[in-house]
Amino acid sequence: MTEFEPRTMGQQFGRRSWAEPWKIKMVEPLRMISREERERALKEAGYNTFLLASEDVYIDLLTDSGTNAMSDRQWSGMMLGDEAYAGSRNFYHLEEAVQTYFGYRYLVPTHQGRGAENLLSKACIKPGQIVPGNMYFTTTRLHQELAGGVFEDVIIEEAHDPASLHPFKGDVDLEKLESLIRRVGAEQIAYISLAGTVNMAGGQPVSMANVRALRELCDRYGIRIYLDATRMMENSFFIQEREPGYSEKSIAEILREFCSYTHGAWMSAKKDGLVNIGGWLAVNDYALFEELRNMVVIYEGLHTYGGLAGRDMEAIAIGIAESVQDEHVRARVGQVRYLGELLTDWHIPIVQPVGGHAVFLDARAFYPHIPQSQFPAQTLAAELYLDSGIRSMERGVVSAGRDPKTGDHYYPKLELTRLTIPRRVYTQAHMDVVAESVKAIYDAREETRGLTMVYEPKYLRFFQARFERAE
Ligand SMILES: *Cc1c(COP(=O)(O)O)cnc(C)c1O
C-alpha cells in the first residue's frame, strides 16, 4: 500500500473553502471557571476527567458519544414519538432506515451500543472460543470476555505506530488471521469482530479491499463477520477520499457496499447516528435474529423498543439519513482535520493521519520522561484541563485495563490522549482555542510529573479510577 500523503481539505476539494452544511438556531452558553477552581475540581475528581462535573468544563472533548447536536428535523421527529409498548411506528421507521442504508434484513433495537454487544456476545460466543478483531474496544472486548470468549488482535502492525502514514490503519492483517484460524481451528473462532474507524488506533479506517478479502477468507473457513458500525459513515468518507475507484461514489453507496461483505452489524447510534442515546443490532440470518429477539426482552425491553422511547427511535431513523450525506461527513471530518493540522504545524506529536472523530495526542512522545506505569496520557488530560478547562480522555494503559489471567496491566503500544470532537457542536474558533491550550502544555512539558492510581474499579476502570500526583 502506498503511503498516504496528508493534504489539507483546501487542497483536496480545490481552492475554495468548505463550510458546515447547517446554520445555528439555538445556542447553549459556556462558562469557564478560574484556574484555582479548576485545580480544586480536578483534585476532587481524582485527576480523572470522567469524574468532573460538566458544569466545571469549558470545551468538552471527552467523547463524541451522545454529545451530538440534533437537527431541527430530528427534534420535530421527537414530537412524533409513538410511545406504544409494542409495535411503535417509530420502530418500523428505524427498521426501514437500517435496511435502506446498511442493507441488513432484521433489526433489534438496544438502549445503546453495549446493549447490542451484550446480546451478540451471548448469542454467538461459546466459552473458550476466540474472537479475532481489528484492535480491541473497551466495552466490546469486555462483553466478549464476560461471554467466555478470548479477544485476539489481528489488526495490521502499522496501527500500533502513531507515525505510520498508512491510509487504512484499521485493516485486518489477513495473514495473521489465517495463521490464527489454522492454529486453533475454524470451529474455535466465534466470529470476526470488525470495527470501522478504529477508535483505539486513533480513528483509523478499514479499506473496502480489506473487507472484501476478509469476506473471501472467512467464506473459505465458514466464519462470520460482525461489524461494529458505530463510526462507519466516517470510515466510508476515508474510502471515498483514499481508495482507488471510490471517489465518484457517495458515502451512502460506499456504506452499503461495505456492509454487504459482513453478516450483521451493531451500532452505538450515539456516535455517527447523530443522536444522544440509542443503538441497534442487525443481522441477515433469521435463526440468529430469533435468538436475539428473544434475548433482548430479558436485557433491554420488548423487541420493538429495546430500551428506547419511540421518540428516540424516530431521532435515530432521521439521524441515520442525515449522517450519510456527503456534505455532512466532509464537514465533520474536516473539522477534526483542521485541529489536527494546526497541531501538526506546531510539531506537536499526534497520531497520523488524523482520524475521523478525534485528534489523538501521542502522550509517550509528549512526556518521554514519564514512564507508562505513571500514566502519561492520563497526566496529559489532567494538564489540559488545568490549563484551559478543556476536557479530554485517556486512551492508554488505564483504558487497556488488566489481563484477566495474570492480573497485570495491559501495556498498550499506544499511549494516547483523545480530543474527541462532538458532531455539529463546536466552531472553528473553539478548535483554535483547543490547539493553543495544547501548545501551552506542550511548551511546559518538562516540568510535568506523572500520576499514581489510588483507586481502581474492577471493570472498565478508566471511567472511575482515581489518581494522585506521583512523588
Ligand atoms: C461507543 C462505542 C461502543 C459502545 O457503545 P455505547 O453506546 O457507548 O454503549 C462500541 N463500539 C465503539 C467503537 C464505540 O465507539
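Caption draft 1: Inspection of the site of the ligand at higher detail. Taken together, 14 residues lie around the ligand, and Gln112, Arg114, Asp228, Ser268 and Lys271 are the ones closest in. The separation between a nitrogen atom of the ligand and a polar side-chain atom of Asp228 is 2.6 Å. Here an oxygen atom of the ligand and a side-chain polar atom of Ser268 are 2.6 Å apart. Calculation on the ligand without its partners gives an accessible area of 380 Å², and the protein chains cover 95% of this total. Where the shell around the ligand is concerned, the elements lending two or more residues are α5 (113–124) and α6 (138–146).

Caption draft 2: Quick peek at the sheet that holds strand β9 (residues 393–395). Taken in spatial order, the 3 strands line up as β8-β10-β9 in an open sheet, and their pairing is antiparallel. Looking at which strands have only one partner, the edges of the open sheet turn out to be β8 (358–362) and β9. Going across the sheet, the axis of each strand differs from the next one's by a mean of 35°, ignoring polarity. Where β8 and strand β10 (residues 416–420) come together, 5 bridges link them in antiparallel fashion. Its bridge partner lying in β10, Val359 is registered against Leu419. Sheet contacts for helix α15 (residues 376–388): β8, β9 and β10; angle to β10, the most-contacted strand, approximately 45°.

Caption draft 3: A look at the nonpolar core. In this structure, Phe102, Leu177, Leu227, Phe258 and Trp280 are the most contacted members of the largest nonpolar core, which totals 58 residues. Each residue touching Phe102, except ones within four places of it in the same chain, is listed here: Ala97, Ala229, Met233, Leu255, Arg256, Cys259, Met267, Trp280 and Ile320. If you look at the next biggest cluster of nonpolar residues, it comprises 29 residues, including Tyr58, Leu342, Leu384 and Met431.

Caption draft 4: Looking closely at the environment of Leu30. Tracing the chain through its elements places Leu30 in the loop between α1 (9–12) and α2 (35–44). In the structure, Leu30 is positioned 294 residues away from Val324 in sequence and 30 Å away in space, judged by C-alpha atoms. Excluding anything up to four places from it in sequence, Leu30 contacts Tyr58, Tyr426 and His430.

Caption draft 5: Summary view of the domain arrangement of the chain. Each assigned domain of the chain is listed here: domain 1 (35–60 + 326–469) and domain 2 (72–323). One C-alpha centre belongs to domain 1, the other to domain 2, and the line joining them spans 26 Å. The partner domain 2 presents 43 residues to the 32 residues of domain 1 that form the contact. Roughly 2,800 Å² is buried in total at the junction of domain 1 and domain 2, and carbon and sulfur atoms are behind 58% of that figure. Of all residues in domain 1, the largest losses of buried area upon contact with domain 2 belong to Pro353, Leu414 and Arg423, amounting jointly to 19% of the total for that side. At the surface where domain 1 touches domain 2, the tally comes to 6 salt bridges. Residues Glu234 and Arg423 are paired through a salt bridge, measuring 3.2 Å at the closest nitrogen-oxygen approach. Taken together, the connections running from domain 1 to domain 2 amount to 17 residue pairs in polar contact (both at pLDDT 80 or more). Elements supplying a minimum of two residues to the side of domain 1 that touches domain 2: α13 (326–345), β8, α16 (397–400) and β10.

Caption draft 6: Broad picture of the packing of aromatic side chains. Throughout the structure, instances matching the rule amount to 14 aromatic pairs. A ring pair is formed by Phe462 and Phe463, whose centres lie 4.2 Å apart and whose planes are at 40°; its orientation type is tilted. The exposure class assigned to Phe462 is buried, which follows from its relative accessible area of 3%. Given a relative accessible area of 25%, Phe463 falls into the partly exposed group. When the ring centre of Tyr136 is taken as origin, the NZ or CZ atom of Arg141, which lies over that ring, is 4.1 Å away.

Caption draft 7: How the structure looks around the pairing of strand β4 (residues 192–195). Alternating residues of β4 divide into Ile192 and Leu194 and Ser193 and Ala195, and every residue in both groups is buried. By the bridge criterion, 4 bridges tie β4 to strand β5 (residues 225–228) in an arrangement that is parallel. What sits directly across from Ala195, in β5, is Asp228. You can see the chain leave β4, run along helix α8 (residues 208–221) and come back into β5, and the turn it takes is right-handed.

Caption draft 8: Inspection of unusual backbone geometry at higher detail. Cis peptide bonds are those with omega within 30 degrees of zero, and the linkage from Gln352 to Pro353 qualifies with -15°. Locating Pro353 in the fold gives a position in the loop between α13 and β8. Phi angles above zero are rare outside glycine, and Met135 is one such case at about 75°. Tracing the chain through its elements places Met135 in the loop between β2 (130–133) and α6. Look at Met135 and you get buried, because its relative accessible area is 9%.

Calculation criteria
Residues numbered from 1 in each chain as written. Predicted model: local features only at pLDDT ≥ 70, side-chain atom pairs only at ≥ 80, totals over all residues. Heavy atoms only, no water. Near = heavy atom within 4 Å. Polar contact = N/O pair within 3.5 Å; in protein donor to acceptor, adjacent residues only side chain to side chain. Areas by Shrake-Rupley, 256 points an atom, 1.4 Å probe, with all protein chains shown as cover. Helix = DSSP H or I, 4+ residues; strand = E, 2+ residues; numbered from the N terminus. Pairing = 2+ DSSP bridges. Axes fitted to C-alpha atoms, helices over the stretch in contact; angles between N-to-C directions. Contact = heavy atoms within 4.5 Å. Core = buried A, V, L, I, M, F, W, Y, C linked by side-chain atoms within 4.5 Å. Buried < 20%, exposed > 50% of the residue type's maximum accessible area, 1.4 Å probe, protein only. Domains from an automatic or database assignment. Buried area = accessible area lost by both parts, 1.4 Å probe. Salt bridge = Lys/Arg side-chain N within 4 Å of Asp/Glu carboxyl O. Phe/Tyr/Trp six-rings, centres within 6.5 Å; stacked < 30°, edge-to-face > 60°. Lys NZ or Arg CZ within 6 Å of the ring centre and 35° of its normal. Right-handed = clockwise from strand over helix to strand, strands pointing away.

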